[in-house]
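# Survey of secondary and tertiary structure
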Amino acid sequence: MPSPYLVLVFLLTVCVSLATWLQPHYLAWGGSRTGDGGLLATLLGESRRLFAAQFFFKADAYFHSGFYPTIFDNQIVEKELHMSEESEAARTPRPPEAEARTTQWSPGEDYGFLGSPKDWLDRFSRNFFPSRHTHLEQKSEAREILPWLRLSTWLDPHRVESYTVAAFWLRTRLGRPELAAQLLHEGWRANPDSYEILLALGRIDEENRHDPVRAHNLYALALRKWHRQQDGNAEPDLYTYRELLGHLVLVDEKQGDWAEAVQYLTLLKKISPNPAAIQRQIDEARAKLTPAPGPAPGPP
Amino acid sequence: MNAVWPIATVVVKELYRRKDFYVLFVLTALITLLMGSVTFFHDDRIARYLKELCLLLIWVSTLVIAITATARQLPAEREQRTILPLLAKPVSRGEVVVGKFLGCWLACGVALVVFYLFFGVVSATREHAWPLTNYFQALWLQWCMLAIVVAMSLAGSLVFAAPSSNATIVFLVASAILLVGRHLNTVALTLPEPAQTLVYALYFALPHLELFDLRDLLVHDWAPIAWWAWAAATLYALAYTWVFLLVAWLSFRRRPLV
Amino acid sequence: MDPILNIDNLRVEYRNRELGQGVTVALADLSLRVNAGEVFGFLGPNGAGKTTTIQVLLGFVQPTRGSAQLFGVDVREPTARQRLGYLPELTYYYKFLSAEELLRFYARLFRLARGEAERRIDAILKLVELESARRRPIKTYSKGMQQRVGLAQALINNPDLLILDEPTSGLDPLGRMKVREIIDRLRGEGKTVFFSSHELGEVETACDRVAILHQGQLKVVGPVAALVREHQASLEQVFLRMIGYPPTPTPA
């Protein structure tokens, strides 16, 4: 009977040998980890997408300081979130559908998704959890939603919304456009066909870096990708399409390219709920396109 | 009720000479510090996710401590027969039930204070604030909730044969109440009769442990709750605690010990 | 003189767990009185009902019928046990406490004043020779030491009545000697001792009166000397006769 220490040494040797032999195979093997990476993702398998979705909604709950519906509450609230919409409203012309999305949880309503109390216990219990609709007010509070969005991107790198929403908050409330760009590039690598990420990147160039040329190129590329993916769809993503056209018009106007602006405005008019307003914009652009009669330029 | 306090102090001594509390505290601290070491977007002032995680661990840990410690009290006394020399003294069975309850509840209170101190320190390192009123209200109400859970476990230990089955059942019931208790009225309204009446009756009958959960208010820096609501919740906990203690006493008072 | 321990028509029945098995009678209309200052031996073979009687006296088991009083108080009242000391057959103590802590705990249950409690703890630990180990957890004690803790806790309130359930059956020689010493001392102090035992020799030398119980029924009760004289036999022979041993041969 060999000594137990000898057996232990033998077993340890076998373990180390196996580990060194398996290591190159492990590195060579792509498997389902390709592109997703990360220990967490490998451990959680496909369920990581559920966690990613959950963390994304968690970020929205943080945006509302904990006031958030559960599966039991009135489901009038769309699961599409308005974390990134509130501040955007001030900057971008919004389609009415988008406005509707933010008004469903009206801050003016006392009870929001909870509805009026059903009984005394329900009324009493509302003292003990956030039961008023609020949004993160202070600039510094905005950072609180970021961990959940970051976790969401780690767990599901193909969840484009997590990148765009996180980038929005980094860029607008926290004033860190470079970090936002870095995150969006990471998202772009995992989702090379995402027109949403290109739109978000374009906005950084347009609004933070003040580089309309680069922004225009990104928007144009995004528009091509949009057409490639959405043309022929029964319900195309018109919200992003409108945003893309709107920003293209803006950068064209900044660059003085009125002819192209007219082209995009014409496209925008077709899908706009308020075509008369767009027509007025087209007329204004056309007026700038036609040079006003004046003295002929002299020789240099 | 002169025997209540000595019995309670022995229970507290027992619980703090066991390793359960220390293991759970170290685990909570480790996980919190590990998560705190992760920086998101190079910003070390992000606090709320860490507060939420820490509070979740505190809730789970204290529930585990309260339930497992209480569930074994009376069965262990009977199994190891320490109940015999105890009841051979001028001690009533009611005093034993209340003493066991008080001991477990006090031990949970001490554990809660330690956990919340840790929480306060973690939170202060990020937010540089000590909202003491909020902490006090949250700690107190959680302690009140644990009073109900401890009394429930004690009553359960006289109903269910094995402490492990009692602990599992109480843990599941407490978790279920915490998760869906608040929504049973909503669920009831979607059901046909007589299920609607039954579920609504259950909604009013069960102890709403979620009333004592101020975690979201604490995490998101809401103002302290109204003091009248705090006092009413305390009375609510007191009432349910006595209900379960009464059940435990009724079940224990004539039970043969051997 | 009022008896210290008074049992009147006590009947204890246990419902059998198996369906249709009815009930088992553990005690059948037992009546017994123990007077102050007596050392009373409670004898009987295994299953005779000795432990059940003690359990009723201590409130562990509810009687089906009849009553029992200690110091004139119904045994269901906790106050009946205020002047009582009880030594169980085996050691059942909180092993995470030290002997000192355990005794302090029991002293508090008897509502002894702090100073008085500390004095008694010191004296009793000295008596049972556990002084040097008083601060060590009981779980670290040897079996003999744990049994002596049992003796100590039974005496913490300076009881007027000491109930000992098979007091010497599990004790080491030192423990046995201590029990004998304590019984003698209590007798000298005019205290009452009620103990069940198998050790007939010990009972014969220690007890003033004995009762013999068999199958839940009281067979005989009286002073040891009177029983021996009346039956013209040793206590052991009296005991065997009372429990029907050897069995009477049935006529062919």
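These lines cover the structure that appears in this document, whether it is placed above or below. Everything numeric in this text was worked out from a predicted model, so none of it was measured. Residue indices begin from 1 for each chain and proceed along its sequence in written order. Going through the entries in the order they are written, you letter the chains from A and number the ligands from 1. It should be noted that, the model being predicted, local features are given only for residues of pLDDT at least 70 and side-chain atom pairs only at 80 or more, the latter also being counted only at that level, while totals for whole chains, interfaces and linings use all residues. For side-chain calculations, the full set of non-hydrogen atoms in the structure is used, while hydrogens and water are omitted.

### Some remarks on the overall build of chain A
- Each helix and strand in chain A was counted, giving 13 helices and zero strands.
- A run of H or I in DSSP counts as a helix once it spans at least four residues, and a run of E counts as a strand once it spans at least two, with each numbered from the N terminus. Shown N-terminal to C-terminal, the secondary structure of chain A runs as helices and strands in the order α-α-α-α-α-α-α-α-α-α-α-α-α.
- Whether a residue is buried, partly exposed or exposed follows from its accessible area with a 1.4 Å probe, protein chains only, as a fraction of its type maximum: under 20%, in between, or over 50%, in that order. The buried share of chain A, reckoned over its 300 residues, is 46%.
- The contact criterion used is simple: two residues touch if any of their non-hydrogen atoms lie within 4.5 Å. Pairs at least 24 apart in sequence give 60% of the contacts found in chain A among residues at least 6 apart.
- Computed by Shrake-Rupley with a 1.4 Å probe, the accessible areas treat only the displayed protein chains as cover when residues are assessed. In the form shown here, chain A has an accessible surface area of approximately 16000 Å², with 60% of it arising from carbon and sulfur atoms.

### Observations regarding the overall build of chain B
- Looking only at helices and strands, chain B features 12 helices and zero strands.
- The N-to-C order of helical and strand elements in chain B reads α-α-α-α-α-α-α-α-α-α-α-α.
- Compactness check: chain B gives a C-alpha radius of gyration of 20 Å against a globular reference of 18 Å for 258 residues, within 12% of the reference.
- By principal-axis analysis of the C-alpha atoms, chain B measures approximately 65 × 50 × 35 Å.
- A total of 258 residues make up chain B; the buried ones form 57% of that total.
- Put simply, 82% of the contacts in chain B that link residues at least 6 apart link residues at least 24 apart.
- With an accessible surface of roughly 10400 Å², chain B has 73% of that area assigned to carbon and sulfur atoms.
- His residues and chain termini do not enter the charge count, which takes Lys and Arg as positive and Asp and Glu as negative. Throughout, a charge is located at the NZ atom of Lys, the CZ atom of Arg, the CG atom of Asp or the CD atom of Glu. Side-chain charges in chain B split into 19 positive and 14 negative, and the spacing between the mean points of these groups amounts to 13 Å. Radius of gyration here is computed from C-alpha atoms only, and the compact-globule reference equals 2.2 Å multiplied by the residue count raised to the power 0.38.

### Quick notes on the nonpolar core
- By nonpolar core we mean a set of buried residues, namely Ala, Val, Leu, Ile, Met, Phe, Trp, Tyr and Cys, connected to one another through side-chain atoms within 4.5 Å. Tyr116(B), Phe212(B) and Phe194(C) are the most contacted members of the largest nonpolar core, which totals 242 residues.
- The dominant element in this core, judged by the number of residues it contributes, is helix H7 (residues 132–159) of chain B, at 17 residues.

### Let's talk about the packing of aromatic side chains
Residue and element names in this part refer to chain B.
- Side-chain rings of Phe, Tyr and Trp (the six-membered ring for Trp) are treated as a pair once their centres are within 6.5 Å; stacked means planes under 30 degrees apart, edge-to-face means over 60, and tilted covers the remaining angles. Counting across every chain of the model gives 40 aromatic pairs over all chains.
- Measuring from centroid to centroid gives 5.2 Å for Trp227 and Trp230, while their planes differ by 75°, and the two rings are edge-to-face. Pair noted here: Trp227 and Trp230 are both in helix H12 (residues 227–252), with a separation of three residues, about one helical turn.
- We classify Trp227 as partly exposed; its relative accessible area is 43%.

### Considerations on the environment of Pro163(B)
- Here Pro163(B) lies in helix H8 (residues 163–180).
- With sequence-adjacent residues up to four places away left out, Pro163(B) is seen in contact with Ala71(B), Arg72(B) and Pro75(B).

### Thoughts on a nonpolar patch on the surface
Residue and element names in this part refer to chain A.
- Where nonpolar side chains cluster on the molecular surface, the patch consists of Val7, Phe10, Leu11, Val14, Leu18, Trp21 and Leu22 and spans about 670 Å² of accessible area.
- By the secondary structure assignment, Trp21 is in helix H1 (residues 4–28).
- Take Trp21: its relative accessible area is 54%, and that puts it in the exposed class. Patch definition: residues above 30% relative accessible area lacking any salt bridge, with like charges linked at up to 9 Å and the nonpolar side chains Val, Leu, Ile, Met, Phe, Trp and Tyr linked at up to 5 Å. Salt bridges are defined by distance alone: a side-chain nitrogen of Lys or Arg within 4 Å of a carboxyl oxygen of Asp or Glu.

### Section: the side chain of Asn191(A)
Residue and element names in this part refer to chain A.
- Position of Asn191 relative to the elements: it lies in the loop between helix H8 (177–190) and helix H9 (195–208).
- Taking the relative accessible area as the measure of exposure, Asn191 reaches 10% and is therefore buried.
- If we ignore the near neighbours within four places in the chain, the residues touching Asn191 are Pro157, His158, Val160, Tyr163 and Ile197.

### Observations concerning the interface of chain B and chain A
- Each partner contributes to the interface: chain B provides 36 residues, whereas chain A provides 35 residues.
- In this description, buried area is defined as the sum, over both parts, of the accessible area (probe of 1.4 Å) that is lost when the two are combined. Interface area, chain B with chain A, both sides summed: about 3400 Å², of which 68% is carbon and sulfur.
- Remark: the boundary between chain B and chain A carries two salt bridges.
- In this structure, Glu52(B) and Lys58(A) form a salt bridge, with 2.4 Å as the shortest nitrogen-oxygen distance.
- Elements with a contribution of two residues or more to the side of chain B that touches chain A: helix H3 (48–71), helix H9 (184–189), helix H10 (195–205), helix H11 (215–219) and H12 of chain B.
- Residues are grouped as follows: Ala, Val, Leu, Ile, Met, Phe, Trp, Tyr, Cys and Pro are nonpolar; Asp, Glu, Lys and Arg are charged; every other residue, Gly included, is polar. Among the residues forming the side of chain B that touches chain A, the class breakdown is 23 nonpolar, six polar and seven charged.

### Topic: unusual backbone geometry
- Going from Glu193(B) to Pro194(B), the amide bond is cis rather than trans, its omega being 5°.
- By the secondary structure assignment, Pro194(B) is in the loop between H9 and H10.
- Located in the positive-phi region is Asp29(C), a residue other than glycine, with phi close to 50°.
- The exposure class assigned to Asp29(C) is partly exposed, which follows from its relative accessible area of 36%.

### Comments concerning the layout of surface pockets
- Detection works on a 1 Å grid of protein atoms alone, calling trapped sets that fit a 1.4 Å probe cavities and calling open sets with protein on both sides within 12 Å along at least five of seven lines pockets, with lining residues defined by an atom within 4 Å of a point. Grid points are joined across faces, edges and corners, and a volume is the space filled by probe spheres set on the points. In this structure, the largest pocket encloses a volume near 1600 Å³.
- Lining the largest pocket are 43 residues, with Lys58(A), Glu52(B), Leu179(B), Arg215(B) and Asp216(B) sitting closest to its centre.
- At the level of secondary structure, the elements contributing two or more residues to the lining of the largest pocket comprise helix H3 (48–63) and helix H6 (146–155) of chain A together with helix H2 (20–36), H3, H8 and H11 of chain B.

### A word on the pattern of salt bridges
- Considering all chains together, one arrives at 42 salt bridges over all chains under this definition.
- One salt bridge connects Asp43(B) with Arg143(A), and the closest N-O pair in it is separated by 2.6 Å. Of this pair, Asp43(B) sits in the loop between H2 and H3 while Arg143(A) sits in the loop between helix H5 (120–125) and H6, each in a different chain. Accessibility classification places Asp43(B) together with Arg143(A) in one group, the buried group.
- Here Arg150(A) and Glu186(A) are joined by a salt bridge, their closest N and O atoms 2.8 Å apart. Of this pair, Arg150(A) sits in helix H6 while Glu186(A) sits in helix H8, placing them 36 residues apart in sequence.
- A residue is classified by how much of its surface remains accessible, and Arg150(A), at 12% relative accessible area, is buried.
- Overlapping salt bridges bring together Glu100(C), Arg104(C), Glu118(C), Asp122(C), Arg134(C) and Arg135(C) as one network.

### Thoughts on the interface of chain B and chain C
- At the interface, 31 residues of chain B touch 24 residues of chain C.
- Interface of chain B and chain C: buried area, both sides summed, is about 2600 Å²; carbon and sulfur atoms make up 64% of it.
- For the purposes of these results, a polar contact is taken to be a pair of N or O atoms within 3.5 Å, where, inside protein, one atom must be able to donate a hydrogen and its partner to accept one; residues adjacent in sequence count only when each atom of the pair is a side-chain atom. Summed over the shared surface of chain B and chain C, the result is 10 residue pairs in polar contact (both at pLDDT 80 or more).
- Among the secondary structure elements, those contributing two or more residues to the side of chain B that touches chain C are helix H1 (4–17), helix H5 (83–87) and helix H6 (93–127) of chain B.
- Among the elements that make up the side of chain B that touches chain C, the one with the highest residue count is H1(B) (eight residues).

### So, the side chain of Glu77(B)
- One can find Glu77(B) in helix H4 (residues 73–79).
- A distance of 2.6 Å separates polar atoms of two side chains, one belonging to Glu77(B) and the other to Lys100(B).
- Leave out the neighbours within four places in its chain, and Glu77(B) touches Thr82(B), Ile83(B), Leu86(B), Lys100(B) and Tyr94(C).

### A closer look at the pairing of strand S6 (residues 84–87) of chain C
Residue and element names in this part refer to chain C.
- Here S6 shows a buried face lined by Leu84 and Tyr86 and a second buried face lined by Gly85 and Leu87.
- Strands pair, by our definition, only if DSSP identifies at least two bridges between them. Sheet topology places S6 next to strand S7 (residues 161–165); four bridges connect them, and they run parallel. Its bridge partner being in S7, Leu87 is matched across the sheet by Leu164.

### Some words on the sheet that holds strand S1 (residues 5–15) of chain C
Residue and element names in this part refer to chain C.
- Pairing within the open sheet is antiparallel, and its four strands lie in the order S2-S1-S4-S5. The sheet terminates laterally at strand S2 (23–34) and strand S5 (73–74), the two strands that pair on one side only.
- In the sheet, strand S4 (residues 65–70) pairs with S5 via two bridges, with the strands oriented antiparallel. Across the sheet, the residue bridging to Gln69 is Asp74, located in S5.
- Sheet strands touched by helix H1 (residues 50–57): S1, S2 and S4. Its angle to S1, the strand with the most contacts, is close to 110°. With axes taken as lines fitted to C-alpha atoms, and helix axes fitted only over the stretch in contact, angles between N-to-C directions fall between 0 and 180 degrees.

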